[in-house]
Amino acid sequence: MSKTAGTYLDCPMCDCEIPISGEEDPKDEIFCPYCETPLLLKKNRDDEFFLQENF
Ligand SMILES: [Zn+2]
């Protein structure tokens, strides 16, 4: 469950699933393709990616 390669992350704004390749780096900024919110890629304590709004 903790594999990040070719996974999906939930957009915190619109709850859609955003595909990521798993090769992104923490602090990369990506845009939600649905609500166009700028999102910052972060890692939690379990070394799993999650997305946070980056206004
Ligand atoms: Zn979104």
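Located above this text is the structure these notes cover.
Residues numbered from 1 in each chain as written. Predicted model: local features only at pLDDT ≥ 70, side-chain atom pairs only at ≥ 80, totals over all residues. Heavy atoms only, no water.

Student: Teacher, can you tell me more about the packing of aromatic side chains here?
Tutor: The relative placement of two aromatic rings is captured by the distance of their centres and the angle of their planes. For the structure on display, the rule yields zero aromatic pairs. Looking at Lys 43, its charged tip hangs above the ring of Phe 49, at a distance of 5.0 Å from the centre. (Phe/Tyr/Trp six-rings, centres within 6.5 Å; stacked < 30°, edge-to-face > 60°. Lys NZ or Arg CZ within 6 Å of the ring centre and 35° of its normal.)

Student: When you look at the environment of Phe 50 in this model, what are you seeing that I'm missing?
Tutor: Topologically, Phe 50 is positioned in strand 5 (residues 49–53). Phe 50 sits in the partly exposed class, given a relative accessible area of 32%. Filtering out sequence-adjacent residues up to four positions away, Phe 50 remains in contact with Leu 9, Leu 40, Leu 41, Lys 42, Lys 43 and Asn 44. (Helix = DSSP H or I, 4+ residues; strand = E, 2+ residues; numbered from the N terminus. Buried < 20%, exposed > 50% of the residue type's maximum accessible area, 1.4 Å probe, protein only. Contact = heavy atoms within 4.5 Å.)

Student: What exactly am I supposed to notice about the coordination of the zinc ion here?
Tutor: Angles between donor atoms at a metal ideally measure 109.5 degrees for a four-coordinate tetrahedral arrangement and either 90 or 180 degrees for a six-coordinate octahedral one. Coordination of the zinc ion by the protein comes from Cys 11 (SG), Cys 14 (SG), Cys 32 (SG) and Cys 35 (SG), over a distance range of 2.3 Å. As a motif over one chain, the donors of the zinc ion read C-x2-C-x17-C-x2-C. Here Cys 14 is found in the loop between strand 1 (7–10) and strand 2 (17–20), whereas its partner Cys 32 is found in the loop between strand 3 (29–31) and strand 4 (38–43), with 18 residues between them in sequence. Relative accessible area serves as the criterion here: at 32%, Cys 14 is assigned to the partly exposed category. Classification of Cys 32 by relative accessible area gives buried; the value is 1%. (Donors = N, O, S within 2.8 Å, 3.2 Å for Na, K, Ca; no water.)

Student: Before we go on, may I ask you to explain the pairing of strand 5 in this structure?
Tutor: Here is the key point about a regular strand: its side chains alternate between the two faces of the sheet. Bridge count for strand 4 against strand 5 is five bridges, and the pairing is antiparallel. Within the sheet, the bridge partner assigned to Leu 41 lies in strand 5 and is Leu 51. A loop of five residues connects strand 4 with strand 5, the two strands running antiparallel in sequence, and Asp 47 in this loop sits at a positive phi of about 65°. (Pairing = 2+ DSSP bridges.)

Student: Before we go on, may I ask you to explain the sheet that holds strand 5 in this structure?
Tutor: Hydrogen bonds between backbone atoms are what pair the strands of a sheet, whose relative direction is either parallel or antiparallel. With respect to topology, three strands assemble into an open sheet ordered 3-4-5, the strand pairing being antiparallel. Both edges of this open sheet fall to strand 3 and strand 5, since each of them pairs with a single strand only. Taking each pair of neighbouring strands and ignoring which way they run, the sheet shows an average axis angle of 40°. Pairing of strand 3 with strand 4, which is carried by three bridges, proceeds in the antiparallel orientation. The partner of Glu 29 across the bridge, within strand 4, is Leu 40. (Axes fitted to C-alpha atoms, helices over the stretch in contact; angles between N-to-C directions.)

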